Amino acid sequence: MRTTMWLCVCACALLAMASAVQGQETQWLQYRSSADASRLDAWSSSRELEALSERPPGVELPEFKCDRPLFAQWKTEMVPAGFLWLAMDKAKGKGSYDLLYLDSDCDGSLADETAIAPHRTDQYRRQFGPVKIVFPGEDGPITYHLNVTRYTYSGDRAGIRAAAGGWYEGRVTLEGKSLRFLLLDFNSNGAFNDLSLHFSDMDAFRLQSGDDLLVRAVGKYMSHAGKLYRMEIPRDGGSVRFVLAPGLPMGQVRTPPGTGHVAFLGPMYHHRTDPDENDLCQLAAGTYTVEYWNIERKDAMGKVWTMSARESENARPIEVKAGETVDLSIGDGTRADLETTKSGKSYTFKLKLVGTLGDNVRIAPKDGQSSPRLTITSADGKYSRPQVFTYG
Ligand SMILES: [Ca+2]
Ligand SMILES: [Ca+2]
């Protein structure tokens, strides 16, 4: 009996050691928060909230000091309603909106909340946070923080933005190596495992070993050092588990000659790679958008030009099927769209390069800047003047 027990204990210990070496066990992360989360390693993409002037019906409200408080919904799937209410008031009853109420206990009421003053104020902004929110969770309450900004620029440009103020970090073990891991609620919706075809609606992680830094969107999988791992992250983001995933169905993408670097983004994984000598990229079967690409070509004078596109929200997805090759339609076929608007006596010309996937393309000489030119000539030819476009 005693021998059997010892054998069991030894077997368990060996199993634990083996999984620790491979990093395939659940690895716990520590939660952090900051008003400056977006300025630290823990960046996120802030969300514009629609500011409403009408009082939301059925919501208990505090006593406001101003006549026209503002209201907004912050969308989060971490509460059954799918959003939390926030309101903005004016401490002196007039002037700027400088008090924030946020439904921090997720009970649907703002009447039980304490008014929060901004931690930073400048000519254009009132910055609040990090505001602590406690989400209800199946295994107990979940702490999260949100940073809220009220901005007022000149003219009509005023609004409310919300950005994640909390993130997770810790040391994780992968293939026996200890690495620094940061998990970011990039789309600022309270959850940490959002998968998407677009940057605007995904979460992200950073994996660092010395100078070797991997910054990627969260996916069902992760590509690291030539291997694919299944990546398990719970909705509330408290842990991560990497499981080696050999044998995933793979397809390939053929890129045009001269493609230097290409990045694919999708729910499967976020993969940055260089095509091989046959212009092919190996990719797990799935749907992706091309998050980045660049192509170098020489013109007739021998000058090298780079064409590239990055994070194009309108880019059409591509489908990679197991065992098949899909041709990537980038570079050739890019068209120039010239948009003209008239305001009073002046005209504004906007030049946009649109790729065949709908991506925003940029062309520049490899060794410097060059702006496109537009020459405007009158019908009788008496007026002719070249103009240079500026970026921005
Ligand atoms: Ca409340
Ligand atoms: Ca998220």
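Calculation criteria
Residues numbered from 1 in each chain as written. Chains lettered and ligands numbered in written order. Predicted model: local features only at pLDDT ≥ 70, side-chain atom pairs only at ≥ 80, totals over all residues. Helix = DSSP H or I, 4+ residues; strand = E, 2+ residues; numbered from the N terminus. Buried ≥ 20, exposed ≤ 12 C-beta atoms within 10 Å, placed from the backbone. Contact = placed C-beta atoms within 7 Å. Domains from an automatic or database assignment. Pairing = 2+ DSSP bridges. Axes fitted to C-alpha atoms, helices over the stretch in contact; angles between N-to-C directions. Core = buried A, V, L, I, M, F, W, Y, C linked by C-beta atoms within 7 Å. pLDDT = per-residue confidence, 0-100.

Novice: Describe the overall build of the protein chain, with residues and values.
Specialist: When helices and strands are counted, the protein chain shows one helix and 30 strands. Each principal axis of the C-alpha distribution contributes one length, and for the protein chain these read about 105 × 70 × 35 Å. Across the 392 residues that make up the protein chain, the buried fraction comes to 31%. Here the contacts in the protein chain between residues at least 6 apart in sequence split such that 55% fall between residues at least 24 apart.

Novice: How would you explain the domain arrangement of the protein chain if you had to name every residue and give the values?
Specialist: As far as domains go, the protein chain holds domain 1 (45–164), domain 2 (250–327) and domain 3 (335–388). Between domain 1 and domain 3, the C-alpha centre-to-centre distance is 42 Å.

Novice: Tell me about the sheet that holds strand 4 (residues 70–75), residues and numbers included.
Specialist: The three strands lie next to each other as 4-5-6, forming an open sheet whose pairing is antiparallel. With one partner strand each, in any of the chains shown, strand 4 and strand 6 (99–102) form the two edges of the open sheet. The sheet shows a mean angle of 25° between the axes of neighbouring strands, taken without regard to direction.

Novice: Give me the sheet that holds strand 2 (residues 30–33): which residues, what numbers.
Specialist: Spatially, five strands are ordered 2-11-12-13-14 in an open sheet, and the strand pairing comes out antiparallel. Each edge of the open sheet carries a strand with a single partner, namely strand 2 and strand 14 (212–217). When strand polarity is set aside, the average angle formed by the axes of neighbouring strands in this sheet is 25°. With four bridges connecting them, strand 2 and strand 11 (residues 166–174) associate as antiparallel partners. Each residue of the ladder has a partner; that of Gln30, found in strand 11, is Glu169.

Novice: So what's going on with the nonpolar core? Residues and values would help.
Specialist: Ranked by internal contacts, the top residues of the largest apolar core, which has 77 residues, are Leu86, Leu183, Leu184 and Val290. Two domains each donate at least three residues to this core, and these are domain 1 (45–164) and domain 2 (250–327). In contact with Leu86, not counting residues within four places along its chain, are Ala72, Trp74, Leu100, Tyr101, Leu102, Asp103 and Val148.

Novice: Describe unusual backbone geometry, and please don't skip the residues or the numbers.
Specialist: Trans peptide bonds make up the majority, and among non-glycine residues the majority have a negative phi. Put simply, Gly129 and Pro130 share a cis peptide bond, and its omega is 5°. By the secondary structure assignment, Pro130 is in strand 8 (residues 125–135). Although it is not a glycine, Ala225 adopts a positive phi angle of roughly 50°. Within the secondary structure, Ala225 sits in the loop between strand 15 (221–224) and strand 16 (227–232). Unlike most non-glycine residues, Asp279 shows phi in positive territory, near 65°. With respect to the helices and strands, Asp279 occurs in the loop between strand 20 (271–273) and strand 21 (280–284).

Novice: Describe in detail the confidence of the model for the protein chain, supporting the description with residues and values.
Specialist: As a note on interpretation, predicted positions should not be read in detail where pLDDT is low. The predicted model of the protein chain has a mean per-residue pLDDT of 90, with 93% of residues at 70 or higher. Per-residue pLDDT stays below 50 along residues 1–21; that stretch engages in five contacts with residues further than four places along the chain or on separate chains.

Novice: Pulling in residues and values, what's your account of the environment of Lys65?
Specialist: Among the secondary structure elements, Lys65 is positioned in the loop between strand 3 (47–49) and strand 4. Overall, the presence of 14 C-beta atoms within 10 Å leaves Lys65 in the partly exposed class. Put simply, Lys65 and Gly93 are 28 residues apart on the chain and 4.8 Å apart in space, counted from C-alpha to C-alpha. Other than its neighbours up to four places away in sequence, Lys65 contacts Asp89, Lys90, Ala91 and Gly93.

Novice: Could you give an account of the pairing of strand 6, naming the residues involved and the relevant values?
Specialist: Of the two faces of strand 6, the one carrying Leu99 and Tyr101 and the one carrying Leu100 and Leu102 are both buried. Here four bridges tie strand 5 (residues 83–89) to strand 6, and the two strands are oriented antiparallel to one another. Among the inter-strand pairings, Ala87 is bridged to a residue of strand 6, identified as Tyr101.

Novice: Lay out the environment of Ala364 in plain terms, naming residues and giving numbers.
Specialist: Structurally, Ala364 can be placed in strand 28 (residues 360–365). Here Ala364 falls in the partly exposed class, since 13 other C-beta atoms lie within 10 Å of it. Along the chain, Ala364 and Gly166 lie 198 residues apart, while their C-alpha atoms are 38 Å from each other. Setting aside residues up to four positions removed in sequence, Ala364 forms contacts with Thr306, Gln369 and Ser370.

Novice: With reference to specific residues and values, describe the environment of Leu244.
Specialist: On the secondary structure map, Leu244 appears in strand 17 (residues 239–244). For Leu244, a count of 13 C-beta atoms within 10 Å corresponds to the partly exposed category. Residues Leu244 and Tyr229, 15 residues apart in the sequence, show an inter-C-alpha distance of 4.3 Å.

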